[in-house]
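So you can see what is in the structure, the chains are spelled out below.
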Amino acid sequence: MEEVFRLVETYGITLVLLLGSCYALYKFFIFSIYEVKSQFSKYHENNAKDMQYIKSKIDTILEFIKKNS
């Protein structure tokens, strides 16, 4: 523990700012990863619903074509 205090005393504010910025960058990356994952999941679910709707419309069109052929 004395070694850590000696390092802080030797390097001072530079070390404190470096550690603080590394921690902030780490928190930012973690937040970004979770946020992107969440948004991608929502986007994917919306696209899946849209595709179901499109498939049902295509089925209707195919039935119409088969009846009129």
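Definitions and cut-offs
Residues numbered from 1 in each chain as written. Predicted model: local features only at pLDDT ≥ 70, side-chain atom pairs only at ≥ 80, totals over all residues. Heavy atoms only, no water. Helix = DSSP H or I, 4+ residues; strand = E, 2+ residues; numbered from the N terminus. Rg over C-alpha atoms; globule rule 2.2 N^0.38 Å. Areas by Shrake-Rupley, 256 points an atom, 1.4 Å probe, with all protein chains shown as cover. Lys, Arg positive; Asp, Glu negative; His and termini not counted. Charge placed at Lys NZ, Arg CZ, Asp CG, Glu CD. Patch = residues over 30% accessible without salt bridge, like charges linked within 9 Å, V, L, I, M, F, W, Y side chains within 5 Å. Salt bridge = Lys/Arg side-chain N within 4 Å of Asp/Glu carboxyl O. Buried < 20%, exposed > 50% of the residue type's maximum accessible area, 1.4 Å probe, protein only. Phe/Tyr/Trp six-rings, centres within 6.5 Å; stacked < 30°, edge-to-face > 60°.

Colleague: Sorry, what's going on with the overall build of the chain here?
Modeller: Per the secondary structure count, the chain includes two helices and zero strands. Against the compact-globule benchmark of 11 Å for 69 residues, the chain has a radius of gyration of 28 Å, which places it well outside the compact range. Taken over the C-alpha atoms alone, the chain extends approximately 90 × 20 × 10 Å along its principal axes. When the accessible surface of the chain is split by element, carbon and sulfur atoms take 67% of a total near 6900 Å². In the chain, 9 side chains carry a positive charge and 8 a negative one; their mean positions are 15 Å apart.

Colleague: Hey, could you run me through a nonpolar patch on the surface in this one?
Modeller: Taken together, the side chains of Met51, Tyr53, Ile54, Ile58, Ile61, Leu62, Phe64 and Ile65 define a hydrophobic patch exposed on the protein surface, amounting to about 810 Å² of accessible area. Its place among the elements puts Tyr53 in helix H2 (residues 13-68). Looking at Tyr53, the relative accessible area reads 53%, which means it is exposed.

Colleague: Please clarify how the packing of aromatic side chains should be interpreted in this entry.
Modeller: Any aromatic ring pair is given by two values, namely how distant the centres are and how the planes are angled relative to each other. On inspection of all chains with the given rule, the structure shows one aromatic pair. Each ring, one from Phe28 and one from Phe29, has its centre 6.1 Å from the other, and the planes form 50°; the classification is tilted.

Colleague: Whenever I open this one, the environment of Tyr23 confuses me. Can you help?
Modeller: Among the secondary structure elements, Tyr23 is positioned in helix H2. Tyr23 gets classed as exposed once you look at its relative accessible area, which sits at 52%. Separated by 31 residues in sequence, Tyr23 and Ile54 have C-alpha atoms that sit 46 Å apart.

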